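Examination of the molecular architecture
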Amino acid sequence: MNDRGTPLNRARGSLKARIRAQERLVGCFVFMQAPAIVEILALAGFDFVVIDLEHAPKDWETVENLIRAADVHGLPALVRVPEIAPHWILHALECGAAGIVLPFVQHAEEVQRAARAMFYAPLGERGTCTQTRAAGFGARRGDFMRHAALQNE
């Protein structure tokens, strides 16, 4: 732990960079609706959490609060959507998810369809709204194109 009580594994870089570096990572599925569970997992040193919507339905306010609890500790929160559908992917990302876990992937076309839903134009078809949590509730409106490019990256 560092002097702020945050596990040191969070100081080693982004989840994406750590995956690309083939670092061994430990994550945990979150089925319960309690943000304290996410905080406990962060303090225990997990590298990421997966908020499950496939087997443990939650409303979007709960999803946002679980992601917020992860963000407090620098813990990447992925959301497992119940199906490969643009509206599920969009809602999870707008809540601030660090990424999406797709269920029942059978074909490359399904991954391509999901990717189109995840990326803003010109890479994809993700809807644009500057008032969401992911977009800073409008605080990034003046520089939304930069925000969208960073999200696409």
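Numbers given to residues run from 1 along each chain, matching the order in which its sequence is written. In view of the model being predicted, local features appear only for residues whose pLDDT reaches at least 70, and side-chain atom pairs are presented and counted only at 80 or more, with totals across whole chains, interfaces and linings using the full set of residues. With hydrogens and water stripped out, all remaining heavy atoms of the structure feed into the side-chain values.

Description of the pairing of strand 3 (residues 77–80)
Here the term buried applies to any residue with accessible area under 20% of the maximum for its type, exposed to any over 50%, and partly exposed to those in between, with areas from a 1.4 Å probe on protein chains only. A helix here means a DSSP run of H or I that spans at least four residues, while a strand means a run of E at least two residues long, and both kinds are numbered starting from the N terminus. Residues Ala77 and Val79 of strand 3 are buried on one face, and the alternating residues Leu78 and Arg80, pointing to the opposite face, are buried as well. Any two strands are treated as partners once DSSP identifies two or more bridges connecting them. Looking at chain direction, strand 2 (residues 48–52) and strand 3 are connected through four bridges and run parallel. Among the inter-strand pairings, Asp52 is bridged to a residue of strand 3, identified as Arg80. Pairing geometry for strand 3 and strand 4 (residues 99–101), over three bridges, is parallel. Residue pairing for strand 4: Arg80 is matched across the bridge by Val101.

Structural notes on the pattern of salt bridges
Here, a salt bridge means any Lys or Arg side-chain nitrogen found within 4 Å of an Asp or Glu carboxyl oxygen. Taken as a whole and judged by the stated rule, the model has seven salt bridges. The partner of Arg18 in a salt bridge is Asp47, and the shortest N-O contact between them spans 2.9 Å. Taken together, the residues Arg18 in helix 1 (residues 15–20) and Asp47 in the loop between helix 2 (35–43) and strand 2 connect sequence positions 29 residues apart. Asp47 shares its class with Arg18; the two are buried. A salt bridge links Glu54 to Arg80, with the nearest nitrogen and oxygen atoms 2.7 Å apart. Here Glu54, found in the loop between strand 2 and helix 3 (60–72), pairs with Arg80, found in strand 3; they are 26 residues apart in sequence, far enough to count as distant.

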